[in-house]
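# A structural walkthrough
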Amino acid sequence: MSLSTLSVQQEQNGLAVNVSSLRRRYGERTVINGLHLQIRRGEFVALLGESGCGKTTLLRALSGLDAIDGGRIEGPKQTAVVFQESRLIPWESLWRNVALGLHDRRGKPLALAALAEVGLGDRSEDWPRTLSGGQAQRVALARALVREPGLLLLDEPFAALDALTRLRMHALVRQLVARHRPGVLLVTHDVDEAIALADRVLIMRAGAIAGDYPVSHAAGGNRAHPEAQQLREHLLAELGVEAVE
Ligand SMILES: Nc1ncnc2c1ncn2[C@@H]1O[C@H](COP(=O)(O)OP(=O)(O)O)[C@@H](O)[C@H]1O
Ligand SMILES: [Mg+2]
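A brief look at the structure comes next. Note that the coordinates shown come from a computational prediction; the quantities given were computed from them, not determined experimentally.

This part is about the site of ligand 1. All residues in the neighbourhood of ligand 1 are listed as Y26, R29, V31, S51, G52, C53, G54, K55, T56 and T57. Here a nitrogen atom of ligand 1 and a side-chain polar atom of Y26 are 3.4 Å apart. Within the contact set of ligand 1, an oxygen atom lies 2.8 Å away from a backbone nitrogen or oxygen of K55. Contact with the protein chains hides 58% of the accessible area of ligand 1, taken as 560 Å² for the molecule alone. Looking at the shell around ligand 1, the elements that each hand over two or more residues are β3 (29-40) and α2 (55-63). No other element matches α2, which puts 3 residues into the shell around ligand 1. Class assignment for the residues of the shell around ligand 1 results in 3 nonpolar, 5 polar and 2 charged.

In structure tokens:
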């Protein structure tokens, strides 16, 4: 019943997180029950499931924000989370927001480099309120990646963005993940987003992982590809939604 760091052996085997028999309840209600999950370094996993099925609860447990009621989570030394809202501190400049919690003198140069990586290198002294929604999420990504996490947890980070900004964010996230190679768990309600970004799509149901679908290179790269269409229909059926043409 614990959250512990991966063993050297597990790290060497390329594991980013290892979850077994996880249980989490709120009062009498068990939200996660007997959940198993492994994500490898560099692997991009998307998690789909109907609203209220426990996705955020799972991410909070993986990030160590919440205690767990049973089972085991073995994770890397550094885990970072990005939520749907950027959660920036309004009275701190952007670079200070990114450097938050980096206590040594390298904090500022690391934060400036991370802001440059997300295309906001020239905004480091600005305030969060001067940013658009997409820019604020880019700062949140910079803040997550500046710690070089072994596991990156993304909880519907693009859900509040317009379609065009969302596509730009997809490209940026793909690029950042390719460069930093954390294990990624992305919660999304968008089946196409899951297929476009992930190596593997999981379905969460009844407190556990009920489906696990690899995404082929062909399907991930082209939403019109027959494999992508087939997977989309399959995932929508798993979610209890009829595909509409
Ligand atoms: N702090 C809390 N206290 C009590 N119940 C909660 C709390 N957080 C979430 N829940 C309940 O746990 C279930 C799962 O919530 P959540 O993980 O947020 O779902 P999802 O992210 O999949 O939409 C929901 O029924 C929700 O109402
Ligand atoms: Mg949620």
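Next, the rest of the story.
Right, let's talk about helix α6 (residues 163-180) for a bit. Under the 1.5 Å per step criterion, the end-to-end length of α6 is 26 Å for 18 residues, consistent within 8% with the ideal 26 Å. Taken together, the buried residues of α6 touch β4 (44-48), α4 (107-117), α5 (133-145), β7 (151-155), β8 (183-187) and α7 (191-197). Trailing α6 by a residue or two, R181 shows a phi angle of about 55 degrees, which is positive.

Here is what the cut-offs are and how they apply
- Residues numbered from 1 in each chain as written.
- Chains lettered and ligands numbered in written order.
- Predicted model: local features only at pLDDT ≥ 70, side-chain atom pairs only at ≥ 80, totals over all residues.
- Heavy atoms only, no water.
- Near = heavy atom within 4 Å.
- Polar contact = N/O pair within 3.5 Å; in protein donor to acceptor, adjacent residues only side chain to side chain.
- Areas by Shrake-Rupley, 256 points an atom, 1.4 Å probe, with all protein chains shown as cover.
- Helix = DSSP H or I, 4+ residues; strand = E, 2+ residues; numbered from the N terminus.
- Nonpolar A, V, L, I, M, F, W, Y, C, P; charged D, E, K, R; others polar.
- Expected span 1.5 Å × (residues − 1).
- Contact = heavy atoms within 4.5 Å.

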